Amino acid sequence: MSTLPWIEKYRPKTVDDISYQDEIVAVLKKIISNDTGEFPNFLFYGPPGTGKTSTILAAARELFGPELMKSRVLELNSSDERGINVIREKVKTFAQFTPSGHRSDGKSCPPFKIVILDEADSMTSSAQAALRRTMEKESKTTRFCLICNYISRIIEPITSRCSKFRFKPLSKDILIQRLSFIAEKENIACDRDTLVTLVNCSEGDLRKAITYLQCASRLKLESGCIKSSDVLEIAGILKDDVIEKILDTCSTGSFEKVEQCVQNLIFDGFSCNQIVTQLHDVLIERHDLNDAKKAIIFEKIACVDNDLIEGADEYLQLLDLLVLIMKQMK
Amino acid sequence: MSLWCDKHRPKTLNTLDYHKEQADQLKKLVHSEDFPHLLVYGPNGAGKKTRIMCSLKELYGPGVEKLRIERQQFETPSKKTIEMTTLASNYHIEINASDAGIYDRIVIQEMIKTIAQTNQLDAQTQKSFKVIVLTEVDKLTKDAQHALRRTMEKYMNSCRLILCCNSTSRVIPAVRSRCLSLRVPAPTADQIAMILKQTCKTEGLNLPQELANKIALKSNRNLRRALLMCETAYVAHYPFTNDQEISEPDWELFLRETARQIVQQQSVDRIVQIRDRLYELLCHCIPADIIFKGLLKELLTICDGQLKPQIVEIAADMEHKMNLGDKQIFYLEAFVVKFMSIYKKHLEFSLAGCI
């Protein structure tokens, strides 16, 4: 279907397609090839867009084939209710049925089912605690695969019951390779420069990079070729001269000008997080500030970032940061 | 009779007054095969909603303007029922999930999933997907935003989400990376003045350029506010004159007076009086963060240059703590008291210097 987003369209279909995560691919391949059912409980963790969900879905598809997939795999993510009751009832009943070791077409298949708990770090700790015994008791018939971004939010008893795999952020070469593959398939002209920009904007997150690529191609349908400036625009990244202007305003030392500058930035709708991140990148390479001053500024940047995440007002935080920078630049 | 800002709201992408390039992009997006999830962000009164409605009209035709209000009830796990009001046409539904407060996750899980799971009946004659417009996404709890993640991917075939918010800082990266972000900057003062003149022309009124500029400047680059101000000015006094008074909202004047009183005298009695005034503002549903910003702005214009960085820091700190805390009045008051102490110390210090 043409309306499918590319992230779904180009999701890896088999374990072989998964790029870069060599360890887990090797393990999974072994399991699939010798068919003994030695499938441990898995815990995948790593930053977003590195292929955690894709890996387990692809593995399940290879193990069970597309038909059995529906009855053998239970996927629960944070869009489902996942309190302690659901773990007790839904997961337990699903786990209790013993599946046969044969497919409908006569081929053998592993005699167990898989429960995928996606985004497991948003499960409450009581729900996680309810999982503990279930995981062990039903190990004859059911395997669990937990997926999360932060392993520190998974309780210790659970981590000790699983074999853990860390998904590394994808390397730049792999990202570029995959993006140019998609671009070729979709008939989009884009030069290497654009791809590099895409990769830089996406911070190792392949999903983000693909989404940006698709958006860019839709918006720039007529002009034919995607330029790196288009990518920057879509990613919401400020142009370098805007950042320069902010710092110039700070170096004038005039409070009124800084206030005006902040006001304008907010009116222009720029994301405050983005401004802070980019200021950080620029400031670290400035030679007119000594290390002590930089340290003070960066400490403030860290505080401001934290406050913003906790929901503080953008205008006040940005003003606070810029006034501090202004003081340090004097 | 409807207000000017509703009456003269552009209905199609072609008639938008500014950000024309973006309008073209939206049009291309609508006509391309795969319409993505959108995240529209920008300050108040910049025209986010207008752009969303125009895009919807471009997608589905005039049917989207036939709106009806629906009420739905949900039950939380603790057996509390909450009622959500939604605005819907045959093709789209608009939800403000943050209305449900801390139960917004349930609304996302139940409501959006049910809508997302049902397919459009007749896929031949219309688009194969429905649109869910979610407003104030930045006010959603983290849980609710997490609940959006898989829903957005899984039901891509039958529905698209348009998220609308003021700032992307509070939207989790996982949601952001699934959407096409569209920034809607506020119109500049010149653009506002131009639109004001145009609107008055269609109303058959004559608005002098100078007055238009004056309103545009006072509107804080907020078009809705500018139009309301202009309409008030018209009701108050017509024909327009250049030196005509433009009435500002009461609470802004009230806030200015409060700031003046704070600077005037620093004493316990005055703090009690200020508390009454702050309560008065809060009782009239002025959000505390706006009081903070307004108060800071007024105080900064009055106080001495070298105090400013310190005061800004306190305001930022207090506002942040207020968001984590519960009782807003504490933090507003703490800010006022801290300001008073700094200001008084400064005054005494400079007085001592004189002698």
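Residues numbered from 1 in each chain as written. Chains lettered and ligands numbered in written order. Predicted model: local features only at pLDDT ≥ 70, side-chain atom pairs only at ≥ 80, totals over all residues. Heavy atoms only, no water.

**As for the overall build of chain A**
Stated precisely, the cut-off is as follows: Secondary structure is summarised from DSSP: a helix means a run of H or I of at least four residues, a strand means a run of E of at least two, and numbering begins at the N terminus for each. We call a residue buried when its accessible area falls under 20% of the maximum for its residue type, exposed when it is over 50%, and partly exposed in between, using a 1.4 Å probe and counting protein chains only. Note on definitions: a residue-residue contact is assigned when non-hydrogen atoms from the two residues lie within 4.5 Å. Asp and Glu are treated as the negative residues and Lys and Arg as the positive ones, with His and the ends of the chain left uncounted. By convention, the charge on Lys lies at NZ, on Arg at CZ, on Asp at CG and on Glu at CD.
Scanning chain A from terminus to terminus reveals 15 helices and 7 strands. Viewed in the frame of its principal axes, chain A has a C-alpha envelope of about 75 × 50 × 30 Å. Burial status across chain A gives 57% buried among its 330 residues. Residue pairs at least 24 apart in sequence account for 74% of intrachain contacts in chain A once pairs closer than 6 positions are excluded. Between the mean site of the 44 positive side-chain charges and the mean site of the 48 negative ones, chain A shows a separation of 7 Å.

**Some points on the pattern of salt bridges**
The condition is simple: Salt-bridge detection follows one rule: a side-chain nitrogen of Lys or Arg within 4 Å of a carboxyl oxygen of Asp or Glu.
Tallied over the entire structure, the rule returns 23 salt bridges over all chains. A salt bridge links Asp6(B) to Arg9(B); the shortest N-O distance between them is 3.6 Å. The closest approach of N and O atoms between Glu333(B) and Arg275(B), which form a salt bridge, is 2.6 Å. Note that Glu333(B) is positioned in helix H14 (residues 328–354) and Arg275(B) in helix H11 (residues 268–283), a separation of 58 residues in sequence. Linked by salt bridges that have partners in common, Arg133(A), Glu136(A) and Arg161(A) make up one network.

**Description of the domain arrangement of chain B**
The condition is simple: These domain limits were set by an automatic method or by a database of domain assignments.
What the domain assignment reports for chain B is domain 1 (4–183), domain 2 (189–236) and domain 3 (250–353). Averaged C-alpha coordinates put domain 2 of chain B and domain 3 of chain B at centres separated by 32 Å.

**Overview of the packing of helix H12 (residues 288–302) of chain B against H14(B)**
Residue and element names in this part refer to chain B. Basically, it comes down to this: Angles shown run from 0 to 180 degrees and are taken between the N-to-C directions of axes, each axis being a line fitted to C-alpha atoms and, for helices, limited to the stretch in contact. For this classification, under 35 degrees means roughly parallel, over 145 means roughly antiparallel, 65 to 115 means roughly perpendicular, and everything else is oblique.
Relative to each other, H12 and H14 sit at 10°, their axes nearing to 10 Å. Judged on the interaxial angle alone, H14 and H12 are roughly parallel. Contacts between H12 and H14 involve Ala288, Ile291, Phe292, Leu295, Leu296 and Leu299 from the former and Gln328, Tyr331, Leu332, Phe335, Val336 and Phe339 from the latter.

**What about empty space enclosed by the protein?**
Put simply, the rule reads: Using a 1 Å grid laid over the protein atoms alone, points where a 1.4 Å probe fits but cannot get out form a cavity; open sets with protein on both sides within 12 Å along at least 5 of 7 lines form a pocket; any residue with an atom within 4 Å of a point counts as lining. Grid points are joined across faces, edges and corners, and a volume is the space filled by probe spheres set on the points. Classification used: nonpolar for Ala, Val, Leu, Ile, Met, Phe, Trp, Tyr, Cys and Pro, charged for Asp, Glu, Lys and Arg, polar for all others including Gly.
On inspection of all chains with the given rule, the structure shows 3 cavities of 30 Å³ or more. Taken as a whole, the largest cavity encloses approximately 500 Å³ of empty space. Considering the residues around the largest cavity, the lining is formed by 29 residues, among which Arg11(A), Gly49(A), Thr50(A), Gly51(A) and Ser54(A) are closest to the centre. Secondary structure elements with two or more residues in the lining of the largest cavity: helix H3 (52–72), strand S4 (142–148) and helix H9 (206–219) of chain A together with helix H5 (142–154) of chain B. Examining the composition of the lining of the largest cavity, we find that 4 residues originate from one element, H3(A), more than from any other. Residues that form the lining of the largest cavity fall into these classes: 10 nonpolar, 8 polar and 11 charged. Considered as a void within the structure, the second largest cavity measures approximately 190 Å³ in volume.

**Section: the interface of chain A and chain B**
For clarity, the threshold we go by: In short, buried area is how much 1.4 Å probe accessible area vanishes from two parts on joining, totalled over both. Throughout this description, a polar contact denotes any pair of N or O atoms lying within 3.5 Å of each other; where both atoms belong to protein, one of them has to be capable of donating a hydrogen while the other can accept it, and for residues adjacent in sequence the pair is counted only when both atoms sit in side chains.
Taken together, the 61 residues of chain A in the interface contact 54 residues of chain B. Taken together, the two surfaces of chain A and chain B that pack against each other cover about 5200 Å², and 50% of this comes from carbon and sulfur. At the boundary of chain A with chain B, the tally comes to 4 salt bridges. With its nearest N and O atoms 3.2 Å apart, the salt bridge here joins Lys293(B) to Asp313(A). Taken together, chain A and chain B are joined by 15 residue pairs in polar contact (both at pLDDT 80 or more). Going through the elements one at a time, helix H1 (6–9), H9, helix H10 (228–234), helix H12 (255–267), helix H13 (272–283), helix H14 (291–309) and helix H15 (314–329) of chain A are the ones with two or more residues in the side of chain A that touches chain B. Of the residues forming the side of chain A that touches chain B, the biggest block, 8 residues, is contributed by H15(A). Split into classes, the residues belonging to the side of chain A that touches chain B amount to 21 nonpolar, 16 polar and 24 charged.

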